[in-house]
Amino acid sequence: MIKIAQALILICLISSAGQVLADDAAATQGRNTLWVVVAAALVFFMQAGFALLESGMSRAKNAVNVMMKNYMDVCLGSLIFWLVGYGLMFGENFSGFFGSTMFAVSHAEPWDYTVLLFQTMFAATAVTICSGAMAERTKYDAYLIAACLITAFIYPVFGSWVWGGLYGGSGWLARLGFIDFAGSTVVHSVGAWCALAGIIVLGARTGRFDRQSGAPRPVPGHNLSLVALGGFILWLGWFGFNGGSTLEANEHVGLIVLNTQLAAAAGAVGALLFSRLTRKPVLLTATVNGSIAGLVGITAGCASMTPAFAAFTGLIAGVISVYGAGWMERRRLDDVVGAIPVHGFAGAWGTLAAGLFLDGNMFDLTQVAVQIIGIASAFFWAFPLSLIIFFLIDRTLGLRSTTQNEQLGLDFTEHDEVGYPEFHQHVTYHRES
Amino acid sequence: MIKIAQALILICLISSAGQVLADDAAATQGRNTLWVVVAAALVFFMQAGFALLESGMSRAKNAVNVMMKNYMDVCLGSLIFWLVGYGLMFGENFSGFFGSTMFAVSHAEPWDYTVLLFQTMFAATAVTICSGAMAERTKYDAYLIAACLITAFIYPVFGSWVWGGLYGGSGWLARLGFIDFAGSTVVHSVGAWCALAGIIVLGARTGRFDRQSGAPRPVPGHNLSLVALGGFILWLGWFGFNGGSTLEANEHVGLIVLNTQLAAAAGAVGALLFSRLTRKPVLLTATVNGSIAGLVGITAGCASMTPAFAAFTGLIAGVISVYGAGWMERRRLDDVVGAIPVHGFAGAWGTLAAGLFLDGNMFDLTQVAVQIIGIASAFFWAFPLSLIIFFLIDRTLGLRSTTQNEQLGLDFTEHDEVGYPEFHQHVTYHRES
Amino acid sequence: MIKIAQALILICLISSAGQVLADDAAATQGRNTLWVVVAAALVFFMQAGFALLESGMSRAKNAVNVMMKNYMDVCLGSLIFWLVGYGLMFGENFSGFFGSTMFAVSHAEPWDYTVLLFQTMFAATAVTICSGAMAERTKYDAYLIAACLITAFIYPVFGSWVWGGLYGGSGWLARLGFIDFAGSTVVHSVGAWCALAGIIVLGARTGRFDRQSGAPRPVPGHNLSLVALGGFILWLGWFGFNGGSTLEANEHVGLIVLNTQLAAAAGAVGALLFSRLTRKPVLLTATVNGSIAGLVGITAGCASMTPAFAAFTGLIAGVISVYGAGWMERRRLDDVVGAIPVHGFAGAWGTLAAGLFLDGNMFDLTQVAVQIIGIASAFFWAFPLSLIIFFLIDRTLGLRSTTQNEQLGLDFTEHDEVGYPEFHQHVTYHRES
């Protein structure tokens, strides 16, 4: 009797233990899904941040155009990444150079959908970086075609080198040990190098540099309240961008997001200090860009740095964003929102910093070398390829609006709508006379 | 001795297993609460999206009025839904036609509060749909009274037919097997049919249609940057709207939110393609409305469709939003923001699609019939009832502002405040001369 | 044989139970981290809400200045709170009066980083309250110095009295049993009393009160759409502010956030009713402030009140915000955004209400007395100290802009940028002639 009772109790316990373990698996899955979905929502919201920042830094006559480009980036980008990009980036990747399964995913495991959702939001971010740099003089259709090609091909192929092989294999940079936790290089630098190619093919806006002397002329953005709001929204979204890249609701998310916060704050302070030291006015635009540079900078190393190094990485990124904006201007490169210094230069610095300040151990030379290889391969992949794409678009459809359209504003000429129809505006197309 | 040791171990194991199960219950409750609260926050934020979208599509002289209507929708709606609506919608429902307990909940289980919170945010959404359609010519007090009646009565009674009986019983449409996961019909179509009644009683804005010929005249919105931002915020909030309707943080949320994303993207693309095919300009307002139509469309079937069908549902919803806006205009129905095509027509389509594309099995005729019954009963419940309400308000208090007040702008005449006191505006009340 | 089998099974069960318990600990940690990080993100977003609200209620010529103050509050505040404030507030606190460990945390447990992140967002909130009250006439550098001192010292020391001693010891008000769940007093009143000191030292804006008669003149804000958006964002962020203060993803979060929602809604209704009863126009600014007063009011008691009392607390807070704004105006105190009635007076009321309506048991006199002690000590700590700080800054650097700079607008004179360079604005510096 006692033995039978014991046996029964044991059976109950075994089955209840089994139940508990199954419950735990479902609970873990549920918890991780919850975090990744929330993080995806935050990353999605970054698109609104980009739209506001880019629109606010442009002139009112192009407000609709800038917004439309950002809106369609998300719409076309989401569909194309689902159809093509996700497979190229995350599908089986035994070569190490691109994925080859998981295109147009429509029958998969629940978790696959969650990862696809999160990665879709990332893909949309990369291409949006171009839209800001190339604002105010790009043909709408031509831009959309380039955006689709970047989302479908340039971004996911590079991504596969670092994060690929979720379903088998792994990327060649991942095999080397390249550290880029949430994409200082994979997302931000790649986007910025495409933007650089775009503005080289486009040329500067009419009136941005003096025709004779080549001296730069400021073209102030039309709504700095929107710029600041955009900055706040980007900052907020970055908590999902970096924190969600764990793909797991674990206890380390706290440190990752704290590092993100400190680096952003230090980025703005870096921009402020550098502006003061070089006796330039501390502009709102430079301050917001400084904080975004801090965010870009910490993206690679946010999971493997202490808070003190995170703050330092952000501080330097903020300095780079101001210095880089001047460097670009001296080379007559017209990046409307400062996207290339903020996402490209600060992204490269952040990727390097992730190697330099790894877990508080500075100067592991092998790691630093690997980081440099990764940074360089992003440039040598994305820049020439997008240069070819923009060049071909320019030679066929034409990439740049006519000067007349540019002066009238793209809202009027490309969209049959204006942003603020009731408000008197200064006529801005007399600037270049 | 060995037996005693074994018995002790067994007792320990049993009690620890019991403890683990109790912990698991608390953990599950905590996780679900967390998700539903976050989702409720996202749905709340949709109110800001509606406010921006509606305000941006209206003229500057009514900016305060539009914002105030949206703000008070949430404030009055939350209190009234807590007092009355929640009980009517979710209380014990043995008749199948309305609930009869859980009014003014103040001593309940923790989970009840969480569900009430989430549903409060939904209720506020339904009524806000009216405010956009009826903008620029409705008396403020009259609108608020109608909004209260819709939140207290029209919306929750219909809701009880589909989602009711949380505390016993179930709604008659639920018993038929009607599928409306997150409310394409329950929330969006019901709101839109009330809006349709509202604009019929109100009539068109002065100057919207030519007095002699009846030809439509465009009345451009005053701030398209706000429209785009509103679109982004609504899209973001929808992740909570659809995802949170699981009321559970499980692994299926990923697919639901992915479907939401793809349908929204496809909705904008549908609006774009249809505009291009019919040689109309691709307006920002139409693009944003297309994506919202995609969101409305996928709301019913987001949990029971594959991503490919979700994208298709969104695409058609986007087409419907553009076609529907033209259809309304040809009938001299003046829906300021396009709320009725977007929430009503696309909502009906989405509810049908949820039956058509159920788990990839197309054309289960019974299910399709049930969906049509649900769609029709929403119309025949909400439209006549709200028509009566608006008619009675019009005959007593007056629903419509005087023409003079409409021309001066409701901000000035109803609120003693103007939205942008420092900026020179075009005088817009000379349009109809 | 049987015994060995039983023993083996027991060993398996014990080890699996141990595994399950370890998994549970990690799961709980992960879940709590997830919630606190999401809540921190929501609280962060409140900064955008404050920036929009304060900017929208100011004149266009100061839009950049207001935004920059809010942006730098977060940036400087985050770094300083990490370096100094967190240690003073939460470090080992055996005296009961301030903490003495955890400065510049850089090697800690994962959970410590999460708590630090959440509290950093709170600290930034407290100081931002000052920026709104003191808008449109404060020197930028002088403001930033004061903001740093408040974040580093005034706020955390008072905080340590109520919430301190996370790593040992406890604050003297906590020992008395003072209830302030999420900081009606700790965050909001303290911020408001600093703001009161600031506006007393500053004096009113030029033209705010007539030179001869002292009669108040309205100075309308330049963009009420931004005010309403700011209100929505603050309301949204408050779900994280109150809900996250559990520091735990448990089932009680639902009630806390529901109370928050009802109190905010009732606050706006309170402001509306009081305005109507006193025959004043129901302004958008007053409505938004009413809802924020409701939010401030429920912050102390949101975890220990029933929904009915939460709504009542919010209603009274809304009344207080309107009455308080008139009270301030009659005393020639120029609080640009109404921060002091909203955060100070309503915060004091809410802290009292938390004692009055504790778990539905009204009028526990001891508790009420303790609440009054807490409210009073916040005033007598923060007000005199910040008065001294602002006074010293005024006597050294100068706190107030020159009248000429004030009339030209601080954007032009302090930032070399203007918010809306393309839009014609009314010249507002002729008001006082």
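The residue count restarts for each chain, going from 1 along the sequence in the order it is written. Chains carry letters and ligands carry numbers; both start at the beginning, A for chains and 1 for ligands, and go up in the order they are written. With pLDDT at 70 or above as the cut-off, local features in this predicted model cover only qualifying residues; side-chain atom pairs require 80 or more to be listed or tallied, and sums for whole chains, interfaces and linings still use all residues. Values reported for side chains reflect all heavy atoms of the structure, with hydrogen atoms and water molecules removed beforehand.

### Digging into unusual backbone geometry
So, step 1. Unusually for a residue other than glycine, D416 of chain A sits at a positive phi of about 55 degrees.
So, step 2. When you line up the elements, D416 of chain A lands in the segment after α14 (410–415).
So, step 3. Its identity as a non-glycine residue notwithstanding, R332 of chain B has a phi of 60 degrees, on the positive side.
So, step 4. In this fold, R332 of chain B is placed in the loop between α10 (307–330) and α11 (339–356). Starting at the N terminus, helices and strands are each numbered in turn, a helix being any DSSP run of H or I of at least four residues and a strand any DSSP run of E of at least two.

### Side note on the interface of chain A and chain B
So, step 1. Listed as interface residues are 62 residues of chain A and, on the opposing side, 66 residues of chain B.
So, step 2. Buried area is calculated as the accessible area (1.4 Å probe) missing from two parts once they are joined, with the contributions of both summed. If you sort the residues of chain A by the area they bury against chain B, Y71, E422 and F423 of chain A come out on top, with a joint share of 16%.
So, step 3. Salt bridges are identified by distance alone: a Lys or Arg side-chain nitrogen within 4 Å of an Asp or Glu carboxyl oxygen. At the boundary of chain A and chain B, one finds 1 salt bridge.
So, step 4. For D141 of chain A, the salt bridge is made with R276 of chain B, and the minimal N-O distance between the two is 3.4 Å.
So, step 5. Pairing of N or O atoms within 3.5 Å defines a polar contact, subject to two protein rules: one partner must be a possible hydrogen donor and the other a possible acceptor, and residues neighboring in sequence count only if both atoms are side-chain atoms. Viewed at the interface, chain B and chain A are joined by 10 residue pairs in polar contact (both at pLDDT 80 or more).
So, step 6. The set of elements that each furnish at least two residues to the side of chain A that touches chain B consists of α1 (2–57), α2 (63–90), α3 (110–133), α4 (140–163) and α7 (224–243) of chain A.
So, step 7. A per-element tally of the side of chain A that touches chain B places α1 of chain A first, with 24 residues.
So, step 8. Tallied by class, the residues present in the side of chain A that touches chain B amount to 39 nonpolar, 16 polar and 7 charged. Contacts: residue pairs with any heavy atoms within 4.5 Å of one another. Only Asp, Glu, Lys and Arg are considered charged in this grouping, and only Ala, Val, Leu, Ile, Met, Phe, Trp, Tyr, Cys and Pro are considered nonpolar; every other residue, Gly among them, is considered polar.

### Notes on the relation of the copies chain A and chain B
So, step 1. Aligned on chain B, chain A shows an RMSD of 0.0 Å; the corresponding rotation is 120 degrees and the shift along the axis is 0.0 Å. Those values place the two copies in the arrangement expected of a three-fold rotation axis. No C-alpha of chain A approaches the rotation axis more nearly than that of H424 of chain A, which lies at 3.5 Å. Copy-to-copy alignment: least squares on C-alpha atoms, limited to residues at pLDDT 70 or above in both.

### Let's talk about a nonpolar patch on the surface
So, step 1. Exposure above 30% relative accessible area and the absence of a salt bridge qualify a residue for a patch, where like charges join within 9 Å and nonpolar side chains (Val, Leu, Ile, Met, Phe, Trp, Tyr) within 5 Å. In short, Shrake-Rupley with a 1.4 Å probe defines the accessible areas, and a residue's cover is counted only from the protein chains shown. Together, L83, V84 and F103 of chain A give the surface a local cluster of nonpolar side chains, amounting to about 230 Å² of exposed area.
So, step 2. Tracing the backbone shows V84 of chain A in helix α2.

### Some thoughts on the state of the cysteines
So, step 1. Disulfide assignment relies on a single distance test, namely cysteine sulfur atoms paired within 2.5 Å. This model, assessed by the stated rule, comprises 0 disulfides over all chains.
So, step 2. Summary of cysteine pairing: C75 of chain A is not part of a disulfide, and the nearest cysteine sulfur, belonging to C148 of chain A, is at 11 Å.

### Here's the deal with α10 of chain B
Residue and element names in this part refer to chain B.
So, step 1. Here α10 is 24 residues long and its end C-alpha atoms lie 35 Å apart, about the 34 Å a rise of 1.5 Å per residue gives.
So, step 2. Along α10, the positions that sit buried rather than exposed are P307, A310, A311, T313, G314, A317, G318, S321, V322, G324, G326 and M328.
So, step 3. Just past α10, the residue R332 takes up positive phi, approximately 60 degrees. Helix span, expected: 1.5 Å multiplied by one less than the number of residues in the helix. Exposure categories follow from relative accessible area, calculated using a 1.4 Å probe and restricted to protein chains: below 20% of the type maximum is buried, above 50% is exposed, and the middle band is partly exposed.

### Regarding the interface of chain A and chain C
So, step 1. Chain A puts 65 residues into the contact, and the matching count from chain C is 62 residues.
So, step 2. Both sides of the chain A and chain C interface together cover about 5300 Å² of buried area, and 76% of this is carbon and sulfur.
So, step 3. At the boundary of chain A and chain C, one finds 1 salt bridge.
So, step 4. At the surface where chain A touches chain C, the tally comes to 10 residue pairs in polar contact (both at pLDDT 80 or more).
So, step 5. For the side of chain A that touches chain C, the elements supplying multiple residues, two or more each, are α1, α7, α8 (253–277), α9 (284–299) and α10 (307–330) of chain A.
So, step 6. Residues that form the side of chain A that touches chain C fall into these classes: 41 nonpolar, 19 polar and 5 charged.

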